[in-house]
Amino acid sequence: MKRSYKFLWYLVSFMFITSCAQQSETDKTIHEITEESSEDNKFAIVIHGGAGYRNPATNGPEDELYKEHLYRVVHHGEQMLKEGAKAVDVVEACIRLLEDDSLFNAGLGAVLNAQGKAELDASIMNGADRNAGAVAGVHTTRHPISAARMVMDSSKHVFLSGDGADTYMSQMGLEQVEPEFFITGKRRAWWNEQLKKREKDENPDNKHGTVGCAVLDRSGHLAAGTSTGGMSNKQWGRIGDSPVIGAGTYADDKSCAVSCTGHGEYFIRNAVAYQIAARMQFGGEQLDSAVHNVLFKVLNEKAGSGGVIAVDKDGNISMQHNTPMMFRAWATDVEEGVLIYE
Ligand code: ASP
């Protein structure tokens, strides 16, 4: 009798263990299916390196270099997205790379203000919760986009400026450099050149540059960021649109993520990044037509020259400029590319 109880006990235990093993196999399968279906989800990334005026005939070889650098950055973002990274992390990572690239007007290689100094602005926005961070006029924080992220994630504020911003970043452990770190020989030479003929060159349309990134991640979240040295020879203390949430940068999961570049004063006055999102959310416009209408009807090449990159919640991309060119690159789950003049 005792023996048959023992046998029954073994039998029940065996069945229990087998069913647990099957259960965990089922869990694993469910997990894998979830991962697979998230791998099927759309992603999209678009970056820009500024819009403006450039002659393709004289800049041919340098253009190839720009394209290579843009491609490297967008490819990095694409890899991160394939691995499941969050949109806001991809935006920060890609803009850090662009800030480290002296070809572009942001971070290292930024243009100089009227005092001959680099004064840096940046902003970032997370579409999932519409949290945002920005810095303006920083001089010693190596990566202004990470400073903007620090404001968003770790402070009670949205916007910090000048010495207060740099001091906060240094206290928070962000890398600090000497203000001269950002100034390359090419920018100094150009500034000296401008100094000689400054009276003749008050046209702000000759002074464009900025970098930006807009992303849809595989979880359906949007984010955007922008970083710049601003417009060259700017009055010191001048703040453009790039660090102004709603002007140079905006992201909302309900509509789209936007990063702008161009004559900042017009982009601020017309709340360009927010206006594009609002046209979609409240006016039912599609991404491409919202961007087009703002760049060509609200703004134009004379009053508000520049460009916009944007991604919507369905993975559509828009990259338009009312200037002759805009450095830009994009990647989605189905295509990728780099363009300058088109
Ligand atoms: N929007 C920037 C500013 O006004 C400059 C640019 O993007 O070209 O500071």
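Asker: What's the story with unusual backbone geometry in this structure? I'm lost.
Answerer: The phi dihedral of T210 falls on the positive side, at around 150 degrees, and the residue is not glycine. On the secondary structure map, T210 appears in the loop between α6 (185-196) and β5 (211-216). Unlike most non-glycine residues, A271 shows phi in positive territory, near 40 degrees. Relative to the helices and strands, A271 is located in the loop between α7 (264-269) and α8 (272-283).

Asker: Honestly, the pairing of strand β6 (residues 222-228) in this entry has me stumped. Any pointers?
Answerer: Regular strands have side chains that alternate between both faces of the sheet. Within β6, seven of the seven residues are buried, which leaves it mostly tucked inside the rest of the structure. Along β6, one buried face is formed by L222, A224, T226 and T228 and the opposite face, lined by A223, G225 and S227, is buried too. Bridge count between strand β2 (residues 120-126) and β6: six bridges; the pairing is antiparallel. Along β6, the bridge assignment pairs I124 with G225. Here β5 runs beside β6; their pairing, made up of six bridges, is antiparallel.

Asker: Help me understand the site of the ligand, please; the structure alone is not making it clear to me.
Answerer: Near the ligand, the surroundings consist of H208, G209, T210, G230, M231, R238, G240, D241, S242, T261, G262 and G264. Between the ligand and the protein, one listed contact pairs a nitrogen atom with a side-chain N or O atom of D241 at 2.6 Å. Between the ligand and the protein, one listed contact pairs a nitrogen atom with a backbone N or O atom of G262 at 2.7 Å. In the complex, the protein chains occlude 100% of the 270 Å² of accessible area that the ligand would expose alone. In the shell around the ligand, the residues fall into one nonpolar, nine polar and two charged.

Asker: In this structure, what is going on with the packing of α8 against helix α9 (residues 287-298)? I would like to understand it.
Answerer: How two helices pack is summed up by the angle between their axes together with the distance between the axes. Orientation of α8 relative to α9, taken along the N-to-C sense of each, is 135 degrees, at an axis distance of 9 Å. Between α8 and α9, the angle is such that the two are oblique. Crossing handedness for the pair α8 and α9: right-handed. Mapping the contact onto sequence places V272, Q275, I276, R279 and M280 in α8 and L287, A290, V291, N293, V294 and V298 in α9. Class assignment of the residues belonging to the contact of α8 with α9 gives a composition of eight nonpolar, two polar and one charged.

Cut-off values and rules
- Throughout, a residue's number is its position along its own chain's written sequence, starting from 1.
- In view of the model being predicted, local features appear only for residues whose pLDDT reaches at least 70, and side-chain atom pairs are presented and counted only at 80 or more, with totals across whole chains, interfaces and linings using the full set of residues.
- Just so you know, side-chain values use all the structure's heavy atoms and leave hydrogens and water out.
- What counts as a helix is a DSSP run of H or I of at least four residues, what counts as a strand is a run of E of at least two, and both are numbered from the N terminus.
- Relative accessibility decides the category of a residue: with a 1.4 Å probe and only protein chains considered, values under 20% of the type maximum give buried, values over 50% give exposed, and everything between is partly exposed.
- Any two strands with at least two DSSP bridges between them are considered paired.
- Nearness here has a simple test: a residue counts as near a molecule or strand if at least one of its heavy atoms is within 4 Å of that partner.
- For this analysis, a polar contact is any N or O atom pair within 3.5 Å, provided that within protein one partner can donate a hydrogen and the other can accept it, and provided that sequence-adjacent residues contribute only side-chain to side-chain pairs.
- With residues, only the protein chains shown are counted as cover, and all accessible areas are computed by Shrake-Rupley using a 1.4 Å probe.
- As a working rule, the residues Ala, Val, Leu, Ile, Met, Phe, Trp, Tyr, Cys and Pro are called nonpolar, Asp, Glu, Lys and Arg charged, and the rest polar, with Gly in that last group.
- Here, axes are lines fitted to C-alpha atoms. For helices the fit covers the stretch in contact, and angles between N-to-C directions go from 0 to 180 degrees.
- For this classification, under 35 degrees means roughly parallel, over 145 means roughly antiparallel, 65 to 115 means roughly perpendicular, and everything else is oblique.
- The handedness criterion is simple: a crossing whose near helix is rotated anticlockwise from the far helix by less than a right angle is left-handed, and one whose near helix is rotated clockwise is right-handed.
- Two residues qualify as a contact provided that any one of their heavy atoms is within 4.5 Å of a heavy atom in the partner residue.

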